[in-house]
Amino acid sequence: MSAATATALPTVARRSVLHAARATRRPMRVCANIEAPATGTTIAPELKSLEIMRKFSEQYAQRTGTYFCTDLSVTAVVIKGLAEHKDELGAPLCPCRHYDDKAAEAEQGFWNCPCVPMRERKECHCMLFLTPEDDFVGEAQTVSLDELVELTKDL
């Protein structure tokens, strides 16, 4: 349906059509194998989402040619925030923004990681995924679960 056709519909019908269109979009699934690679042991349940988001972040950085911040505590806080939102909302909503209604924002998907600005222009508001030209770019595309836990233990 074109935009002109949609705007010609009465408001109630237009909402139904637009809602149906949104409902058919498949949300991006963030999943990863949660076995610790070196030891083959299973990750503690309370760290499961953190490990999933850690692996997602590493894979996305490698796939897009982006890097983590030189200050890994920035990376750790963002990944922890994504993991908490994944647990609370069912989606990795950007933790660096203010939302009046987090659940509605997570459902809409615009700010779910990787957010639309990141996917379209490689602009990460959180400084999780930095391009080589960025002043704060580091050399790492990986971070260990132990580092994340250590860097966020006092939060």
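Residues numbered from 1 in each chain as written. Predicted model: local features only at pLDDT ≥ 70, side-chain atom pairs only at ≥ 80, totals over all residues. Heavy atoms only, no water.

S.K.: Now, about empty space enclosed by the protein: what can you tell me, with residues and values included?
M.R.: Applying the stated rule across the entire model yields one cavity of 30 Å³ or more. Within this model, the largest cavity holds a volume of roughly 100 Å³. Together, 14 residues line the largest cavity, and C94, C113, C115, C124 and C126 are the ones closest to its centre. Here the lining of the largest cavity is built from residues that sort into 13 nonpolar, one polar and no charged. (1 Å grid on protein atoms, 1.4 Å probe; cavity = no way out; pocket = protein on both sides within 12 Å on 5 of 7 lines; lining within 4 Å. Points joined across faces, edges and corners; volume = space filled by probe spheres on them. Nonpolar A, V, L, I, M, F, W, Y, C, P; charged D, E, K, R; others polar.)

S.K.: Tell me about the packing of helix α3 (residues 48–64) against helix α4 (residues 72–89), and please be specific about residues and values.
M.R.: Two elements in contact, α3 and α4, have axes whose closest approach is 8 Å; the angle formed by their N-to-C orientations is 125°. With respect to α4, the axis of α3 lies oblique. α3 and α4 meet at a crossing whose hand is right-handed. Counting all contacts with α3, which are made through S49, L50, I52, M53, R54 and S57, the residues of α4 involved are I79, K80, L82, A83, K86 and D87. Its residues assigned to classes, the contact of α3 with α4 shows six nonpolar, two polar and four charged. (Axes fitted to C-alpha atoms, helices over the stretch in contact; angles between N-to-C directions. Helix = DSSP H or I, 4+ residues; strand = E, 2+ residues; numbered from the N terminus. Parallel < 35°, antiparallel > 145°, perpendicular 65-115°, else oblique. Left-handed = near helix turned anticlockwise from the far one by under 90°. Contact = heavy atoms within 4.5 Å.)

S.K.: Go over α4 with me, naming the residues and quoting the values.
M.R.: With 18 residues, α4 extends 25 Å from end C-alpha to end C-alpha; this agrees with the ideal 26 Å at 1.5 Å per step. For α4, the complete set of buried residues consists of T75, A76, V78, I79, G81, L82, A83 and H85. Downstream of α4 by a residue or two, G90 has a phi angle that is positive, lying close to 85°. (Expected span 1.5 Å × (residues − 1). Buried < 20%, exposed > 50% of the residue type's maximum accessible area, 1.4 Å probe, protein only.)

S.K.: Run through the state of the cysteines, naming residues and quoting values.
M.R.: Under the defined criterion, the tally for this structure stands at zero disulfides. Free of any disulfide, C115 has its nearest neighbouring cysteine sulfur in C124, separated by 6.2 Å. (Disulfide = S-S within 2.5 Å.)

S.K.: Which residues make up unusual backbone geometry, and what are the values?
M.R.: In the segment running from C113 into P114, the intervening peptide bond is cis, with an omega of -5°. Position of P114 relative to the elements: it lies in the loop between α5 (102–108) and α6 (116–121). Here K122, not a glycine, exhibits a phi torsion of approximately 55°, which is positive. You can see K122 is positioned in the loop between α6 and α7 (145–152). Among the residues examined, K122 registers a relative accessible area of 39% and is labelled partly exposed. At M127, a residue that is not glycine, the phi angle is positive and equals roughly 70°. Turning to its location among the elements, M127 is positioned in the loop between α6 and α7.

S.K.: Describe the environment of V143, and please don't skip the residues or the numbers.
M.R.: Inspection of the secondary structure assignment puts V143 in the loop between α6 and α7. Overall, the relative accessible area of 2% leaves V143 in the buried class. Along the backbone, V143 and L72 are 71 residues apart, and their C-alpha atoms lie at a distance of 8.1 Å. Contacts of V143, omitting those with residues within four sequence positions, involve R54, E58, F68, L72, I79 and L148.

Geometric descriptors of this kind do not, in isolation, establish any biological role.
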